[in-house]
Amino acid sequence: MANVPDGVPRVLLLLSGKRKCGKDFLADALLQRLGTDRAQIVRISEPIKRHWAEAMGLDLAALLSDGAYKERYRRQMIEWSDGRRQEDYGVFCRAACATIDRPICIVSDVRRRTDVRYFREAYGPETRLRTVRIEASEQVRHGRGWQFQAGVDDVQSECDLDGYAGWDLVLTNERPDGVGELLDRLVQLVEC
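(A) Looking closely at the overall build of the chain. When you go through the chain residue by residue, the secondary structure sums to 9 helices and 5 strands. Secondary structure elements of the chain occur, N-terminal to C-terminal, as β-α-β-α-α-α-α-β-α-β-α-α-β-α. In terms of C-alpha radius of gyration, the chain reaches 16 Å, essentially the compact-globule figure of 16 Å for 192 residues. Taken along the three principal axes of its C-alpha coordinates, the chain extends 45 × 40 × 30 Å. When burial is assessed residue by residue, the chain has 48% of its 192 residues classed as buried. A fraction of 79% describes how many contacts in the chain between residues 6 or more apart in sequence connect residues 24 or more apart. A total of about 9600 Å² of accessible surface is found on the chain, and carbon and sulfur atoms cover 48% of it.

Structural data, given as structure tokens:
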């Protein structure tokens, strides 16, 4: 694999899906499979949570985790970040990408059409951009702890990519025994 010139990845894998569909789980498992010497995970939500933690005196590590602490502030973070995106739709994508330094970059939380637009415009033809939608039924997501929350699950941050048709791959992540197969398909997409 060629070296990454000036922080531009060779492959940029954009993962999208509803809350509790398994985006972070699959991103972490894919990183383990690919190895941290050649791949990394970038989260668009990280600069949002970092700002929120600093501004509100909150625990950044807890906001970055997948727990109740983050959920207490999710709606407020969405509203604040939407205001910032009105001024500059790429503000959080750009901040998250400042840390890219591996040939393969996994973006684990693409939520808006403007996120996809940013990566297409910023990385263009020099990078092989791959888009993946991860799906799971509401029943499975409930089993993983998801509960519908007005102002969170019915707004742009969860719904903007529902009708998007430009996915390179759509995966159904519902069976614990099917993770290996899903990872094989993701590796194949990255390696092709």
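Further notes follow.
(B) Main features of the sheet that holds strand β3 (residues 104-110). Strand order across the open sheet formed by 5 strands is β2-β3-β1-β4-β5, with parallel pairing between neighbours. Each edge of the open sheet carries a strand with a single partner, namely β2 (39-42) and β5 (169-172). Recorded for the sheet is a direction-independent mean angle of 25 degrees between the axes of neighbouring strands. Here strand β1 (residues 11-17) pairs with strand β4 (residues 128-135) via 7 bridges, running parallel. Bridged to G17 within β4 is I134.

(C) Quick peek at the pairing of β3. Within β3, 7 of the 7 residues are buried, leaving the element largely enclosed by the surrounding structure. When β1 meets β3, the two strands line up parallel, connected through 5 bridges. Bridge pairing in β3 links L12 to C105. The pairing of β2 with β3 spans 4 bridges and is parallel. Within β3, the residue paired with Q40 across the bridge is C105.

(D) Quick look at the side chain of K49. Relative to the helices and strands, K49 resides in helix α2 (residues 45-56). The buried charged residue K49 lacks any salt bridge, with D109 as its nearest oppositely charged partner at 6.1 Å. Looking at K49, its side chain comes within polar contact range of the main-chain oxygen of L63, at 3.4 Å.

The rules behind the values
- Residues numbered from 1 in each chain as written.
- Predicted model: local features only at pLDDT ≥ 70, side-chain atom pairs only at ≥ 80, totals over all residues.
- Heavy atoms only, no water.
- Helix = DSSP H or I, 4+ residues; strand = E, 2+ residues; numbered from the N terminus.
- Rg over C-alpha atoms; globule rule 2.2 N^0.38 Å.
- Buried < 20%, exposed > 50% of the residue type's maximum accessible area, 1.4 Å probe, protein only.
- Contact = heavy atoms within 4.5 Å.
- Areas by Shrake-Rupley, 256 points an atom, 1.4 Å probe, with all protein chains shown as cover.
- Pairing = 2+ DSSP bridges.
- Axes fitted to C-alpha atoms, helices over the stretch in contact; angles between N-to-C directions.
- Lys, Arg positive; Asp, Glu negative; His and termini not counted.
- Salt bridge = Lys/Arg side-chain N within 4 Å of Asp/Glu carboxyl O.
- Polar contact = N/O pair within 3.5 Å; in protein donor to acceptor, adjacent residues only side chain to side chain.

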